[in-house]
Structure formats: structure tokens, C-alpha cells
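# Architecture at a glance
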Amino acid sequence: MAAPLSCFHCGLPVFTGDAFTAVVLQESRVFCCPGCQAVAQTIIAGGLESYYQHRSEPSANPEALPGVLPDELLLLDRKDIQKPFVSTSGNISETKLLIEGITCAACGWLIEKHLRKLPGVLETSLNLSNHRLSIRWDSEQIMLSELLKTIRNIGYAAHPWQPDTVSEKMQADNRRALRKLGVAGILWMQVMMASMATWPEFNLDLSDGMDRLLRWISLILTTPIVFYCSSEFFHGALRDLRTRHLTMDVSVSLAIAGAYGAGIWSTLTGQGDLYFDAAGMFALFLLSGRYLERRARERTSAATTQLVNLLPASCLRLNTDGSSERILLSELQQDDQLLVPPGHLIPADGRILTGRSSIDESLLTGEYLPLAKKPGDTVVAGTLNIEGPLTIAVLALGEETQLSAIVRLLERAQSLKPRLAELADTVAQWFLISVLIIAAVVGLIWWQVDSSRAFWIVLSLLVATCPCALSLATPTALTAATGSLHKLGLLITKGHVLESFQKVDTVIFDKTGTLTEGKLTLKQILPIAQLSEHDCLELAAALEGHSEHPIARAFGRTTTAAQDVSSAPGLGLEGFVNGKHLRIGRPDYVSTLGAYPAPPMPSAQGQWLLLGDTQHALAWFALDDQLRADAPALLETCRARGWQVLLLSGDSSPMVQQIAEQLHIDDARGGLTPDDKLQVLKELHHQGRHVLMLGDGVNDVPVLAAADISIAMGSATDLAKTTADAILLSNSLSSLVSALAVAKKTRRVIIENLGWATLYNGLVIPFAAIGWVTPGWAALGMSVSSLLVVLNALRLTRFSD
Amino acid sequence: MAALYVMIPVALIIVALAIKLFFWAVDNGQYEDLDSPAHSILFDDEDPMHTAHMNNKAPKSSPTDEHNNG
């Protein structure tokens, strides 16, 4: 097969030739599916064709977005349901929507322009960093469901967004940090002007009154910097002192408080040097370092932490008269009867009353093949119904479901997470002790030599050695590294990850979706009769095109149409293609269509399906969950670093051992529950091991929470993503290999920075001790050493080239 | 030098106003999204429809429109 064309809209390969085309930007373009074609046509019809010129990334495939039912959208028009997230005054409603499917800046432009064309829409603005759309509309002219539908028509999914406590707190913290930074910057510049005028280096002939005025002005302007902007350092220092730790915060607080205290003394007495500008500069540098670090981490995590909805928003309740009604999940009650159509998530734990189907439990258990279920079997909330409609009696809801039990396990697991000491804090501790001892010794000596100068010498020593560069060493390196890792496809959401990579000695992998693709792919076609491979695939794909089963997706798409397709859950599909009566599925099911015996199943590995017509069997198809192409390289890197590798899977099939053999993993265990996995991790912790966990499913969540470092795949469930310390957005294990290299380099830069900062402080001590360091020299040294640290950290940003 | 006795308090007042303005901007969410405005202005510039669009909309352009485009 020649290299397939890629879809003009979403960039995925096109298997259907030119079945779906449209004229975009004066040329005929090919699309992979009717979904992409329809989206492109809507965009063209809206006159926003130039979106395709502006975009820098392919768009999201509309079929990959979560499905929404028209009647589920209509529920959102109910006033009582809108209440929590829509604010109304008169006819004007206003809300925020979370948009899925945004890939680049042009998407924002497209959504805003397209919505503004609708009658009744007053204002739209999309925030590209957290993917939230603020929209104001006239509810007399247009309904909310209409807006959501319009957004979907141009290839995005919109969900009502309610600020939860986490994101509200994050926003408030962000604003507070920015305010403190701004105030420190504005005030410090004023303080510098006023206090520099008093420095002897500038030789200004100030009158006594002017000198006093400038000192008082500096004092007044510095006070907010100390008490407002630097408050978090003092709080941190108090907290650490209470737990008997000497950390960076203690060191920082001491320097700021020392400079401020000396300034007050000098202002009141009118003599001595003025160190207010040092306090201001120090606060500003530190606050900028921390603010940048925060910003780098929160940038895109805001968009990913939002959608923790593992359950559908609404469900179909079966009334006693046999009619069904769509209600919100919160309105559902115990013992209600539910209708779950194929392709939908099961909203509550329950027992099947009628219907047969297969259920995909891979996210909860790691089993990669769906399980066949029949009346009387139990089903679990959060799993996917694949084949046939089911009627379910609700047994457990909300907090009582098995899904919630895993979430509760997560809370317990979080307390097991070991806290690693940060490198900078260890250095700060030694640094602080040495400086305090030196200051005491120098003070004592000067007391003997010239008691009137002793106080000022000790003070200049404390200010000159203030650990400005030292405390910038880590945040700047982490900020730069986080940025370049993001380009590589690894998003760091918690700060300690880069530093603790060094300590890791054990890696735990999940199987389904992590080392393997997590979806079935067609591996082999063995024609039995005269038909060619291609023709057999064509027939099979036509039949499977009518099924929601994960097996069906492996066959791709075709333009050949099948008629009267029906599915026999757990067995296979039956239908007509080009007038030919066909079956595909289990051999015994297929062979009963004609009266021929089922051919013997090939012995090769995988799930084998038979295709046959009324006369004879036509072909065997082998399906398998494929190993990710870059998995061996990652395993190689892990072993090269001397890490112990474990494979822990919830899947109880022989698949686990095969994968382990292919990748040469010695310790592979299958059929584990989330609790079992957590036990294994606890044992490893007891042996004093530091564990890196890579996983994706809900069943991995407790281990992700408790591991020293946890990384979730980009395709992982939302819960797994919010629990993990980092997210592999690119889904490619090879970017994890490069990430490990960046982490190593980051650690080296941090050590270089800490080394340089300590060296500078060590060099300046003798000069301060003999009383040569004036405020001017102290300020110069502080800025130059900080600048060096920042420049060194910037080397980490060039990694992606 | 005497002028400084007036200039310094004036500077203090200006600083206070600057901080007040800055707080207003932060609370108003002006610093929350630093990406989209930078891009949207470029798209509108390259858009061949842009001039026509502006001429059509000019008479009835609402304040929101101006805000979002500029």
C-alpha cells in the first residue's frame, strides 16, 4: 500500500481514497471521514476559510471528541440546570465554557469569529491558555444548546464550566503572586532612587534635611515590600523553624529582615549606610523567579486538570410505562431502571436485566479485550457498553460505586508519597549555618578592635552574603527546563520531578495503553478462498463499519456499504455486502451460516476472527494490542541507567507475559487490582527504593499518587492525569527518553548554579569582614551573580533544537 | 534643591496611582491570557476580508467588537 494521504482537516491518514472531498482555498482537498468533511464545509460556509491558512497545527479529529446527544444538550436549556454556571440579568446570559479540541491559536480565532456571526451572541472571548470561552448572549434569541451545537459543528466540543475550588484557588494564588511581584517592582525602583542618593560613592552634597527626608522616604516605600511582598518568605521561614529545618526561606527572611532592620536604625539615628534597596532588589528577584516557575508549570496544566468527569452527565431512565426519559445523573436513584445504548458509558453500578453486550473495562481493570455480559451479570460505573442496548437495575450510585472506591484509595495513597528533600534547601542549611558563625566571629573580633563599627560591619556582611543568586539557582533552572520539556511533549505539573529523577532506581510500567497502544490493530490477513487480502479486508471493513466494538476500529474505513448488519454480542456480526450474505466473528458462529466446518485456527499469537459467506470460509484476521514502537528504546534507556523494571498489569491474560518477554522484563505480574499494585509499591518503598511510575488507567491512579515520581500518558484518563506529577502529552515514549536527558542536564545546571552562588558569597565574605563592602558594592555583586545564574539556566532552553 | 520637597511627594502620589492601576488590571484578568491577543491581531491583519469586514461593520460596531479586535 502506498503511503496514505493525510486528511486536510485533522492530518490523520486517509484510507478511503477521495470519498470525502471539499474545495478549500481554491483547491480540492481530501478528508479522512465525513466528520472532518462536514466541519470543513461548515467553516467554509461561515466564510472563515482562512482559518486553514492561519493554523500552525492540524485540527482535532471531530470523531475523537466525546460524543454528545442532542437531547443531552437540550437538558442544558432547563433553567434549574443552568443555574450553577450561567449568570443572567434580564435576557442577557453569560457563562464560561470549556472547549476541547483546540490545537493552535487559529482555533481561538475561528471559534470567536464563528460564534459572533450568530444572531443573539453579544460577546465571545476565548482564553488560549486555559481553553475557556466566555460568552454573552441574548437568551430570547438563541439557546445555550444551540451555541454548543454550533461549536461542535466547527469541530470542537464545549462543556459548561464551573469554577471548582482547585482552579479558583489557583487563580487567586496567581493573582496574589502577580500583585506582590508588581508592587515589589514599582516600589523598589523608587527606593533605589531615594537611597542611592545617600550613598557616598555618588558624592552628592546633600543638606541634612534632604538626607533625612530621603531616608524616611526609603523607609516608607520599603515597608510594603517587606510586610506585603515578602510575607510568604516569612511565613515559610516560621513554618520551617517550627519543624526545626533551616531552609532557603529562613535564609531569605534573615537577609530581608536584617537589611530592613538596619535601615530603620540608620533612618532613626541619621547615620550609617542605607540597605533598603538591597532588601527591595532581593525581594523582586526572588518573587520573579518564583512567579516564572509557577507560570511555566500552570500554563497548560490548567486545561488538563479540568475534566475529571469519569461518568456521563446524563442518563436514560426507563419509566414504569416503558418510555424512557433523559435525566441528569444527579436525579438518578437506587433501584431505578436504566437504558444504556451501545457506545455509551455506564453511569452507575448495576445488574443487567435484559440485553446482551460486551463491556470494555480496560480503564478500570487493564483488561484489553471487552468482556461479554448477559442478563444477571453485574456492570460497573465508568465502563463502556459496546455492542447492544442494555437495561440495568441500579445497585449503587455515586459514593458507593466501585469507581468511587478507587478514588478513595487514591486519597490514602497520596499520604504515602515520600517527600524528597530539595537540593537547594540542603545547600541553604549549610550556607546559613556558616554565615551565622562567620558573622558572630567577625562581630566579636571587631568588638575588640573598634566597637563603634562592629554593628555596621556585621550588617554589611549579612547583606553582602544575602543568598540572592543561591535562591534563584533552582527556580530559574526549573523554569527553563519545564519550558523545553513542554516542547518535547512532557508537561511537568509538580516542581520536584526534575530534581528527583536522579534518585529513581525502580520503574513500574502499566501495560495496556502505556507500553502497548491500548487499542486493537489488524496484524495479519490470511485469505482461505480465492479472494485477495484486499478484497477480504474490504468486505470485513464494510461489516465492521456498523459496529462500535473496539475490534471494528481496527479494520479502518471503507466506501463499500453493508446492508442489514446485525450483531450477536460475544459472537460476531452478520450482514450483506454487494448482495453477498456474510458473517465475521468466532469460527463456530461463522461456519453455521453455511453448513461447512470451521477451518482450524492458525496457531500464531493474537485474537483470530473468521470471515465467511454461505458457501465457505473466506479469510482469517489476526488482531492484537500492539506494543508501542518506541517501547524497546525506553526499556533500553532504563536498563542502561541500572533501574529495576517492573510490569504491573490488571490484565489477567497471557498477553502480560508475552509483552514482558518481548521487552525482556523479568518481573511481570498480571491480574492485579489497584490495591495489589499499591501493596507492591509499599514493599518497594520499604526496601528503600525510589519509584517512577508510568501509567494511564483509573486502576493505576492510586500507584501514580503514591510513587516518588509519576507520569501519566497524554491519552490517560483525566483522573490519572490530575494525579500524576507529569503528563506525557506527546504519548510517545521516545520523548520520555529525551526528557530523561533534559532532567539530567537540569540537575547539572542547578548544581553549577548553586556552586557559583556559594563561591560568590564565599569570596565576598573576607571583603565584608574587613569593612570594605558598601551598599553600592553589595548591590552590584548581587545583581551580577544573579544575572550569571539566570544566563546559565537559559542554556536549558536550547535543548529542543 | 527646594523643588525636591514638592517633587518627592508628587512622585509618591504617582506611585500610589500606578499600584492602584496595576491592581485593577490584575483583578480584571488582564494578565491571565497573554497568548490569544497577540495572535488574533495577526490573523485579522492577514485576512483578505479584513478591510471589507471593517467597512461593513464600521457604522454599527459595538464596543465589544473593538475591544476584542484591538
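Here the structure is a predicted model, which means the values were calculated and not measured.

Here we come to the overall build of chain B. Of regular secondary structure, chain B possesses four helices and zero strands. In chain B, the succession of helices and strands from N to C terminus is α-α-α-α. Sorting the 70 residues of chain B into buried and exposed places 21% on the buried side. Of the roughly 5,000 Å² of accessible surface on chain B, a fraction of 68% belongs to carbon and sulfur atoms.

A word on the overall build of chain A. Looking only at helices and strands, chain A features 28 helices and 30 strands. When the backbone C-alpha atoms are referred to their principal axes, chain A occupies close to 115 × 65 × 55 Å. By the burial criterion, 54% of the 801 residues in chain A qualify as buried. Residue pairs at least 24 apart in sequence account for 67% of intrachain contacts in chain A once pairs closer than 6 positions are excluded.

In this complex, chain A contributes 36 residues to the contact, which on the side of chain B involves 30 residues. Summing both sides of the interface, chain A and chain B together bury roughly 2,900 Å²; the carbon and sulfur share of this comes to 64%. Between chain A and chain B we count one salt bridge in total. We note a salt bridge from Arg179 of chain A to Asp27 of chain B, for which the minimum N-O separation is 2.5 Å. The tally of links from chain A across to chain B stands at five residue pairs in polar contact (both at pLDDT 80 or more). Elements with a contribution of two residues or more to the side of chain A that touches chain B: α5 (105-116), β5 (121-127), α7 (165-196), α8 (208-229) and α11 (276-304) of chain A. Ranked by residue count, the leading element in the side of chain A that touches chain B is α7 of chain A, at nine residues. Partitioned by chemical class, the residues of the side of chain A that touches chain B number 17 nonpolar, eleven polar and eight charged.

Moving on, we come to the side chain of Thr95 of chain A. Residues and elements named next belong to chain A. Relative to the helices and strands, Thr95 is located in strand β4 (residues 92-100). Of the residues examined, Thr95 reaches a relative accessible area of 3% and is grouped as buried. Looking at Thr95, its side chain comes within polar contact range of the main-chain oxygen of Phe85, at 2.7 Å. What Thr95 contacts, discounting residues up to four positions off in sequence, is Phe85, Val86, Leu133, Ser134, Ile135, Trp137 and Leu144.

A separate point is the pattern of salt bridges. All names here are of chain A. Applying the stated rule across the entire model yields 20 salt bridges over all chains. With a shortest N-O distance of 3.6 Å, Arg239 and Asp240 are connected by a salt bridge. Under the relative-accessibility criterion, Asp240 is labelled buried at 10%.

Before going further, it helps to examine the state of the cysteines. Joining two cysteines, a disulfide is a covalent bond between their sulfur atoms. Residue and element names in this part refer to chain A. Evaluation of the coordinates by the stated rule reveals zero disulfides over all chains. As a non-bridged cysteine, Cys10 has Cys36 as the owner of its nearest cysteine sulfur, 3.7 Å distant. Of the residues examined, Cys10 reaches a relative accessible area of 8% and is grouped as buried.

Residues and elements named next belong to chain A. The phi dihedral of Arg244 is positive, around 55 degrees, even though this residue is not glycine. For Arg244, a relative accessible area of 77% puts it in the exposed group. In the Ramachandran plot, Asp335 falls in the positive-phi region, its phi being about 70 degrees despite a non-glycine side chain. Mapping Asp335 onto the fold places it in the loop between β9 (324-328) and β10 (337-340).

What follows covers the pairing of β10 of chain A. Each regular strand displays side chains that alternate between the two surfaces of the sheet. All names here are of chain A. Judged by which residues are buried, β10 turns out to be one-sided: Leu338 and Val340 face inward and are buried, whereas Gln337 and Leu339, on the alternate face, are not. Taken together, the three bridges between strand β8 (residues 314-318) and β10 define a ladder with antiparallel strand orientation. The partner of Leu316 across the bridge, within β10, is Leu339. Bridge count for β10 against strand β17 (residues 390-396) is four bridges, and the pairing is antiparallel. Bridge assignment links Gln337 to a residue of β17, and that residue is Ala393.

So, about the domain arrangement of chain A. Split into domains, chain A comes out as domain 1 (1-64), domain 2 (65-162), domain 3 (169-299 + 426-477 + 745-800), domain 4 (314-400), domain 5 (490-516 + 628-731) and domain 6 (529-615). For domain 1 of chain A and domain 5 of chain A, the distance between their C-alpha centroids amounts to 37 Å.

All names here are of chain A. One open sheet accounts for six strands, arranged β9-β8-β10-β17-β12-β15; its pairing is antiparallel. Pairing within the sheet leaves two strands with one partner each, and these edge strands are β9 and β15 (378-379). Pairing of strand β12 (residues 349-354) with β17 involves five bridges; the strand directions are antiparallel. Counterpart to Gly350 in the pairing with β17 is Val394.

What follows covers the side chain of Asn699 of chain A. Among the structural elements, Asn699 of chain A can be located in the loop between β28 (691-695) and α25 (701-706). With residues up to four places along the chain from it excluded, the contact list for Asn699 of chain A reads Leu363, Leu364, Thr365, Gly366, Gly650, Pro674 and Lys677 of chain A.

Here the focus is helix α13 (residues 402-414) of chain A. Residue and element names in this part refer to chain A. Across its 13 residues, α13 extends 19 Å between first and last C-alpha, which sits within 8% of the 18 Å expected from 1.5 Å per residue. Of all the positions in α13, only Leu403, Ser404, Ile406, Leu409, Leu410 and Ala413 are classed as buried. Its buried side turned inward, α13 meets α12 (362-365), α24 (674-686), α25 and α26 (718-723).

A word on the packing of aromatic side chains. Residue and element names in this part refer to chain A. Tallied over the entire structure, the rule returns 13 aromatic pairs over all chains. Ring centres of Trp608 and Trp620 lie 6.3 Å apart, and the angle between their planes is 90 degrees; this geometry places the pair in the edge-to-face category. Remark: Trp620 occurs in strand β25 (residues 617-627) and Trp608 occurs in strand β24 (residues 607-613); sequence separation between them is twelve residues. The buried category is assigned to Trp608, whose relative accessible area is 6%. By relative accessible area, which is 4% here, Trp620 ends up buried. Among the aromatic side chains, those forming a connected cluster through ring pairs are Phe8, Phe31, Tyr51 and Tyr52. Directly above the aromatic system of Phe8 lies the positively charged group of Arg55, at a separation of 5.3 Å from the ring centroid. Above the plane of the ring of Tyr589 lies Arg583, whose end atom (NZ or CZ) is 4.3 Å from the centre.

The end-to-end C-alpha distance of helix α10 (residues 248-269) of chain A, which contains 22 residues, comes to 32 Å, matching closely the 32 Å that a straight helix rising 1.5 Å per residue would cover. Following α10 of chain A by one or two positions, Gly270 of chain A adopts a phi angle in the positive range, close to 75 degrees.

Residue and element names in this part refer to chain A. Strand order in the open sheet formed by six strands is β20-β25-β24-β23-β22-β21, with antiparallel pairing between adjacent strands. On the outer flanks of this sheet lie β20 (516-527) and β21 (562-568), each paired with one strand and no other. Strand-to-strand twist across the sheet, computed as the mean angle between neighbouring axes with direction ignored, equals 20 degrees. Bridge count for β20 against β25 is eight bridges, and the pairing is antiparallel. Bridge pairing in β25 links Thr521 to Asp624. The sheet strands contacting helix α23 (residues 655-663) are β20 and β25, and the helix crosses β25 at an angle near 65 degrees.

Before going further, it helps to examine the nonpolar core. Residue and element names in this part refer to chain A. One finds Phe282, Leu490, Phe509, Leu515, Leu647 and Ile711 to be the most contacted residues of the largest nonpolar core, which totals 126 residues. In this view, Phe509 contacts Leu515, Leu634, Leu635, Cys638, Val645, Leu646, Leu647, Leu648 and Leu694; residues no more than four positions away in its chain are not counted. Ranked by size, the runner-up nonpolar core spans 50 residues in total, among them Val14, Ile135, Ile142 and Leu148.

This part covers the environment of Ala464 of chain A. Residue and element names in this part refer to chain A. By the secondary structure assignment, Ala464 is in helix α15 (residues 451-464). The class of Ala464 is buried, set by a relative accessible area of 1%. Spatially, the C-alpha atoms of Ala464 and Ala779 are 7.9 Å apart, while their sequence positions differ by 315 residues. For Ala464, the contacting residues outside a window of four places in its chain are Tyr760, Asn761, Val764, Ala768, Val773 and Ala778.

Definitions and limits used
- Residues numbered from 1 in each chain as written.
- Chains lettered and ligands numbered in written order.
- Predicted model: local features only at pLDDT ≥ 70, side-chain atom pairs only at ≥ 80, totals over all residues.
- Heavy atoms only, no water.
- Helix = DSSP H or I, 4+ residues; strand = E, 2+ residues; numbered from the N terminus.
- Buried < 20%, exposed > 50% of the residue type's maximum accessible area, 1.4 Å probe, protein only.
- Areas by Shrake-Rupley, 256 points an atom, 1.4 Å probe, with all protein chains shown as cover.
- Contact = heavy atoms within 4.5 Å.
- Buried area = accessible area lost by both parts, 1.4 Å probe.
- Salt bridge = Lys/Arg side-chain N within 4 Å of Asp/Glu carboxyl O.
- Polar contact = N/O pair within 3.5 Å; in protein donor to acceptor, adjacent residues only side chain to side chain.
- Nonpolar A, V, L, I, M, F, W, Y, C, P; charged D, E, K, R; others polar.
- Disulfide = S-S within 2.5 Å.
- Pairing = 2+ DSSP bridges.
- Domains from an automatic or database assignment.
- Expected span 1.5 Å × (residues − 1).
- Phe/Tyr/Trp six-rings, centres within 6.5 Å; stacked < 30°, edge-to-face > 60°.
- Lys NZ or Arg CZ within 6 Å of the ring centre and 35° of its normal.
- Axes fitted to C-alpha atoms, helices over the stretch in contact; angles between N-to-C directions.
- Core = buried A, V, L, I, M, F, W, Y, C linked by side-chain atoms within 4.5 Å.

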